[in-house]
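Now for the letters of each chain:
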Amino acid sequence: MDTLRIPLRAAAVAAMVASAAACGKEADAAGGPGGGRPGGGGPSVTLAATDLASPRRMALEDAIAVTGNLEPLERAEVRSRLEGDVEGVYVREGEVVSAGQLLARFDAGDQAGNARSADADVAAARSELETASWTLEQNRELHREGAIPERDVRVAEQAVAAARARLAAAQARSGSSRREVGDTRVVAPSSGTIERRMVNPGEHVNRNVALFTLVRGDVLELAAAVPERAAAGVQPGQTVRFTADGAQFTGRVARISPSVDPGSRSVTIYVQVPNPDGRLRAGTFASGRIVSRVLDDAMVVPLAALREGGQGGQPVVYRVADGKIDVANVTVGLRDETNGLVEITDGLSEGDQVVVGNVGILGKGMSVRMAGQGGAEKGGAGAQKGGR
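These numbers were taken from a predicted model, which means no experiment stands behind them.

Engineer: Would you mind going over the pattern of salt bridges in detail, with residue names and values included?
Structural biologist: Overall, the coordinates contain 20 salt bridges when judged by the stated rule. The closest approach of N and O atoms between Asp-119 and Arg-178, which form a salt bridge, is 2.5 Å. Placement of the pair is Asp-119 in helix H2 (residues 109–145) and Arg-178 in helix H3 (residues 150–183), with a sequence separation of 59 residues. Of the residues examined, Asp-119 reaches a relative accessible area of 28% and is grouped as partly exposed. When its relative accessible area of 49% is taken as the criterion, Arg-178 is described as partly exposed.

Here's what the structure looks like:
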């Protein structure tokens, strides 16, 4: 049995070798190893149309990206200035009010009574002063005629001084009482929108209790943290282009923090966005770009086309020329990280085609085959074979 198995195994191995040789001859007839690849067997890469891009001319902005929530320029709490019962509340959340508009009213019975009493004290003190002044004038006339001693004149002068002091004190009490009467009327300190209402009619409210929150929404502000190095190029007045709530808005840099945050090594930039029609709401998330300068005619390529590996660390791009991969050393200018673009100042022309994205390992001289073209050739060959 063993002697029979050995010739059988040898025959099987010989058949396998003969089959492999036949396949090799067919591959040679088809164009050698890797038959069908351009270049007669050299390394190649298959690219899709989306893997290529051409340099183009466009306006490019030197900008710093900022994000954050838009907050009102002013937010004020309207508080009670006295203790008392709330007689009426005349606004609700979301209402737009103007400066000086009546928001609520306290019961002013006690304050009005105190004011009338203080006014009466002022009248009495004024009458006393007039009487004391008349007495002083009479005593001075009598003293000049020798009818009374100088002591009586001095007494009359002291009486006038005391009456003036009482009048001043009564006027101060009257002014304070009138202010209390004014404090029973709660008015808006500025124009804006009622964000919160914390009081209802009939409530007893203590002094200094918050009644309303008022926000000024005609101008919104964003506080953005910008890296220390980038913040060096930011100046008040620079334009900021925003995208918020699905629309485009333009603002400006209003203020810059004078110090660097020691933890994040960033600087806070305050950007104001006009909102006269109230379209933007407080708390809306916004993303924007602080524009320092604009290049009107820059030649740009996608940032994904830029690669490292040139001489001296110079960036390079893979360019497709005559159906092969070529390596081009390039000089870059502005980078637009937000839109994924970079300016090329030297090394490319507008008619070039560059490889973008991660398409695998590339090398100079590799043949390029477009994905659609290869599929068409295979389909045509299949059709011919089926028609025979």
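Having put the structure on the table, let's press on.
Engineer: Residues and numbers for the sheet that holds strand S5 (residues 84–89), please.
Structural biologist: Across the sheet, which stays open at both edges, the four strands sit in the order S8-S7-S5-S10 with antiparallel pairing between neighbours. One side of each edge strand has no neighbouring strand; the edge strands of this open sheet are strand S8 (185–187) and strand S10 (204–205). Note: S5 against strand S7 (residues 102–106), three bridges, orientation antiparallel. By the bridge assignment, Gly-88 is partnered in S7 with Arg-105.

Engineer: Residues and numbers for the packing of aromatic side chains, please.
Structural biologist: What characterises a pair of aromatic rings is the spacing of the ring centres plus the angle enclosed by the ring planes. The full count for this structure, using the stated rule, is zero aromatic pairs. Between the NZ or CZ atom of Arg-255 and the centre of the ring of Tyr-270, over which it lies, the distance is 4.5 Å.

Engineer: Break down the confidence of the model for the protein for me, citing the residues and quoting the values.
Structural biologist: Residues with a pLDDT of 70 or more make up 84% of the protein, whose mean pLDDT is 82. Mean pLDDT across the elements of the protein bottoms out in helix H1 (residues 2–30) (39) and peaks in S7 (95). Scored below 50 in pLDDT, residues 1–40 shows eleven contacts in the model against residues more than four places distant or in partner chains. Below pLDDT 50 for its whole length, residues 375–388 participates in zero contacts with residues either more than four positions away or in separate chains.

Engineer: Which residues make up the pairing of S5, and what values go with them?
Structural biologist: Sheet topology note: the S5/S10 ladder contains two bridges and is antiparallel. By the bridge assignment, Gly-84 is partnered in S10 with Val-205.

Engineer: Got a sec to walk through H3? Specific residues and values, please.
Structural biologist: Every α-helical turn comprises 3.6 residues, leaving residues that sit three or four positions apart pointing alike. Relative to the 50 Å expected for 34 residues at 1.5 Å per residue, H3 spans 50 Å between its end C-alpha atoms, a close match to the ideal helical length. Buried residues belonging to H3 abut S7, H2 and S8.

Engineer: Can you explain the nonpolar core? Please cite residues and give values.
Structural biologist: One finds Leu-70, Val-240, Phe-242, Phe-249, Ile-269, Leu-280 and Ile-290 to be the most contacted residues of the largest nonpolar core, which totals 22 residues. Apart from the residues within four sequence positions on either side, Val-240 is in contact with Val-66, Phe-249, Thr-250, Gly-251, Arg-252, Val-253, Val-271, Arg-289 and Ile-290. Ranked by size, the runner-up nonpolar core spans 17 residues in total, among them Val-78, Leu-82, Phe-106 and Ala-188.

Criteria and cut-off values
- Residues numbered from 1 in each chain as written.
- Predicted model: local features only at pLDDT ≥ 70, side-chain atom pairs only at ≥ 80, totals over all residues.
- Heavy atoms only, no water.
- Salt bridge = Lys/Arg side-chain N within 4 Å of Asp/Glu carboxyl O.
- Helix = DSSP H or I, 4+ residues; strand = E, 2+ residues; numbered from the N terminus.
- Buried < 20%, exposed > 50% of the residue type's maximum accessible area, 1.4 Å probe, protein only.
- Pairing = 2+ DSSP bridges.
- Phe/Tyr/Trp six-rings, centres within 6.5 Å; stacked < 30°, edge-to-face > 60°.
- Lys NZ or Arg CZ within 6 Å of the ring centre and 35° of its normal.
- pLDDT = per-residue confidence, 0-100.
- Contact = heavy atoms within 4.5 Å.
- Expected span 1.5 Å × (residues − 1).
- Core = buried A, V, L, I, M, F, W, Y, C linked by side-chain atoms within 4.5 Å.

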